[in-house]
Amino acid sequence: MSYITAAIAAAAVSPLAAAVVRTLLMPKKVSDYKPMPDKERMELYAQKLSEMVRCETVSDPNDPQIGKFLVFHKKLEELFPLVHEKLEKTEIDGNLLYYWKGKSSAKPIVLMSHQDVVPAEGVWEHEPFSGDIADGKVWGRGAADTKCTVMAFFQAVEELLESGCTPKQDVYIASSCTEEWGGDGAPKIVNELKHRGVKPFVVCDEGGGIIAEPVGGIKGNYAMIGVFEKGQGNVKFTARSGGGHSSAPPKNSPIARLAAFEQSIEKHSPFKKCFPHEVEAMFKTLAPYADFGMKLLFGNMWLFKPLLKLVMPEVSPQAGAMLQTTVAFTMQSGSDARNVLPQEASVWANMRFIPHQGKDESLAIIKKRADKFGLETEVINATDYTQAADINGEGWSFVVKAIERVFPGLAASPYVMTGGTDARFFQEICPNCIRFAPVIFGPEQLKGMHGLNENIGCDCLPAAVDFYKTLIDMNI
């Protein structure tokens, strides 16, 4: 081997050698939090959650049915009498806002989670609105998404009131009845707060949670804290032709053009992959808890970032979605007859916009691709990504400190929300919108949300109540 070849080989090996050394020197960590058994509290909280689940609160953008939410509010009054006796309640078209005056109004906090649920279709092991308590879980639509957290913060306030507590800061409880379809419930609550001149220090909504094995191969439970949401939009693509009989099909028929367009997006995405700062921070946080191979990759982003950009979407759609704008084709229409070519065929797509290619740029990119296939592009609706909470800021530290107090041994990591929550509407009045539900979501719970057999473990409910009590009673 010549000196030049040897030098080139050494230069190539050196970064990898440095990465290996860095990995070997990285201390091994374990996130070993497990809920502590507390039978009396578990039973009490599970029973309250069960009664809440039995109230059917499916939301429908075409039929608000506010009456069903008013029935749910009556149930809340029964379950949490002190909250309704001591706090100032405001009801806005089925949406709820409560005010608890604190010792100071300088840094108010908002605890929130939605009361509405998605429809419950299919065959369930336990009837979807039974609220059955079995096998250590509360079963039913909304048990995990998100009546468990609604129960937890109401119960937290109930217990603090019973003890004679006055919160350190003003506390607001908010709960919309339109979250599942991105409706106007949360904006109405925000408008009410703006009218009162309230600028929250922290909003703590659902979104992240205590996730079991958040990345394949990283064992244990982790507090995955959502710090921003991708934007989202619904787009319709239409192909037109003169129609005709299926016995003499032309080239490039509407459905064929749509299929080619969809295939081109699936196989060759036009969107750039990039690691947001918060995703890099997530991998840096999780690296010490991984086995050697993953620790090597996650702990040395300076070297392996290009490789991770390639493999992450293949390993996990969820992980891949944190890196780029995504497109999911969801509905399609064509001819009304099996033997007639359509004069018009359409496909609908749901898009999620990443900050480095926001709403306007992403929509322009996909329209350009659609134009190549002779398709018309119609944007049905679209909203941009939210600004990220500062993961080095005071609001983030406040929430992480509460997690550390209540969940000993639980690692906390920033997390990018690929879905949507009501928290995005609070961005205009609060710089620290944190998305964290203090309950454990294992694979079974994650699968059940918006799916069959939704449930939540009873054993995680006491700590969820304690988390909200800590936020309320902790110095900022």
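Quick note: structure is the one above.
All values reported here derive from a predicted model rather than from experimental measurement. (Residues numbered from 1 in each chain as written. Predicted model: local features only at pLDDT ≥ 70, side-chain atom pairs only at ≥ 80, totals over all residues. Heavy atoms only, no water.)

## Quick word on the pairing of strand 16 (residues 433-441)
Here comes step 1: Of all nine residues in strand 16, nine are buried, a share of seventy percent or more.
Here comes step 2: Alternating positions in strand 16 separate into two faces, Cys433, Arg435, Ala437, Val439 and Phe441 on one and Ile434, Phe436, Pro438 and Ile440 on the other, with burial throughout. (Buried < 20%, exposed > 50% of the residue type's maximum accessible area, 1.4 Å probe, protein only. Helix = DSSP H or I, 4+ residues; strand = E, 2+ residues; numbered from the N terminus.)

## Considerations on the pattern of salt bridges
Here comes step 1: Using the criterion set out here, one finds 24 salt bridges in the structure.
Here comes step 2: For Arg41, the salt bridge identified is with Asp466, shortest N-O distance 2.7 Å. Taken as a pair, Arg41 in helix 2 (residues 39-53) and Asp466 in helix 15 (residues 461-473) lie far apart in primary sequence, 425 residues in all.
Here comes step 3: Note on Asp466: relative accessible area 23%, which makes it partly exposed. (Salt bridge = Lys/Arg side-chain N within 4 Å of Asp/Glu carboxyl O.)

## Overview of a nonpolar patch on the surface
Here comes step 1: Residues Leu307, Leu310 and Val311 make up a contiguous nonpolar surface patch of about 260 Å² in total accessible area.
Here comes step 2: By secondary structure assignment, the location of Leu310 is in helix 10 (residues 301-315). (Patch = residues over 30% accessible without salt bridge, like charges linked within 9 Å, V, L, I, M, F, W, Y side chains within 5 Å. Areas by Shrake-Rupley, 256 points an atom, 1.4 Å probe, with all protein chains shown as cover.)

## Digging into the environment of Met52
Here comes step 1: Counting through the fold element by element, Met52 comes out in helix 2.
Here comes step 2: For the pair formed by Met52 and Gly140, sequence separation is 88 residues and the distance between their alpha carbons is 9.9 Å.
Here comes step 3: Aside from chain neighbours lying at most four places away, what touches Met52 is Phe72, Leu76, Leu79, Phe80, Lys147, Val150 and Met151. (Contact = heavy atoms within 4.5 Å.)

## Remarks on the sheet that holds strand 11 (residues 326-333)
Here comes step 1: Spatially, the four strands line up as an open sheet ordered 11-13-9-14, and their pairing is antiparallel. Because the sheet does not close on itself, it has two edges, and the strands there are strand 11 and strand 14 (376-383). Shown here is a sheet whose adjacent strand axes are inclined to one another by a mean of 20°, direction ignored.
Here comes step 2: Bridge count between strand 9 (residues 231-240) and strand 13 (residues 344-353): ten bridges; the pairing is antiparallel. Pairing of Gly233 across the sheet is with Met351, part of strand 13.
Here comes step 3: Packing of helix 7 (residues 254-267) onto the sheet brings it into contact with strand 9, strand 11 and strand 13, and relative to strand 9 it is tilted by some 145°. (Pairing = 2+ DSSP bridges. Axes fitted to C-alpha atoms, helices over the stretch in contact; angles between N-to-C directions.)

## Observations regarding the sheet that holds strand 4 (residues 133-134)
The pairing of strands in a sheet happens through backbone hydrogen bonds and is either parallel or antiparallel.
Here comes step 1: As summarised here, the arrangement of the three strands in space is 4-5-17, forming an open sheet in which the pairing is antiparallel. Edge positions in the open sheet fall to strand 4 and strand 17 (455-457), since each of these has one partner strand only.
Here comes step 2: Looking at chain direction, strand 4 and strand 5 (residues 137-139) are connected through two bridges and run antiparallel. Along strand 5, the bridge assignment pairs Ala134 with Lys137.

## A few points about the side chain of Thr23
Here comes step 1: Inspection of the secondary structure puts Thr23 in helix 1 (residues 3-25).
Here comes step 2: Setting aside its immediate chain neighbours within four residues, Thr23 contacts Phe292, Lys295, Leu296 and Asn300.

## Quick word on the side chain of Glu179
Here comes step 1: As for its position among the elements, Glu179 is in the loop between strand 6 (169-175) and helix 6 (185-196).
Here comes step 2: Despite being buried, Glu179 has no salt bridge partner; Arg424 is the closest side chain of opposite charge, sitting 5.6 Å away.
Here comes step 3: At 3.2 Å, the side chain of Glu179 and the side chain of His114 are in polar contact.
Here comes step 4: In contact with Glu179, other than residues within four places in its own chain, are His114, Asp116, Glu206, Gly420, Thr421 and Asp422. (Lys, Arg positive; Asp, Glu negative; His and termini not counted. Polar contact = N/O pair within 3.5 Å; in protein donor to acceptor, adjacent residues only side chain to side chain.)

## Considerations on unusual backbone geometry
Here comes step 1: The omega torsion across Asp145 and Thr146 is -5°, close enough to zero to call that bond cis.
Here comes step 2: Although it is not a glycine, Gln65 adopts a positive phi angle of roughly 45°.
Here comes step 3: Relative to the assigned elements, Gln65 resides in the loop between helix 2 and helix 3 (66-79).
Here comes step 4: Of the residues examined, Gln65 reaches a relative accessible area of 37% and is grouped as partly exposed.
Here comes step 5: Notably, Glu213 is not glycine yet its phi reads approximately 50°, a positive angle.
Here comes step 6: Relative to the helices and strands, Glu213 resides in the loop between strand 7 (202-212) and strand 8 (221-229).
Here comes step 7: The exposure class of Glu213 is partly exposed, given its relative accessible area of 33%.

## Section: the packing of helix 5 (residues 147-162) against helix 15
Here comes step 1: At a closest axis distance of 8 Å, the pairing of helix 5 and helix 15 adopts a crossing angle of 55°. One finds that helix 5 runs oblique with respect to helix 15. Where helix 5 crosses over helix 15, the two elements pack in a sense that is right-handed. Taken together, the residues of helix 15 that come into contact with helix 5 (itself represented by Cys148, Thr149, Met151, Ala152, Phe153, Gln155, Ala156, Val157, Glu159 and Leu160) are Leu461, Ala464, Val465, Tyr468, Lys469 and Ile472.
Here comes step 2: Here the residues of the contact of helix 5 with helix 15 are counted per class, giving twelve nonpolar, two polar and two charged. (Parallel < 35°, antiparallel > 145°, perpendicular 65-115°, else oblique. Left-handed = near helix turned anticlockwise from the far one by under 90°. Nonpolar A, V, L, I, M, F, W, Y, C, P; charged D, E, K, R; others polar.)

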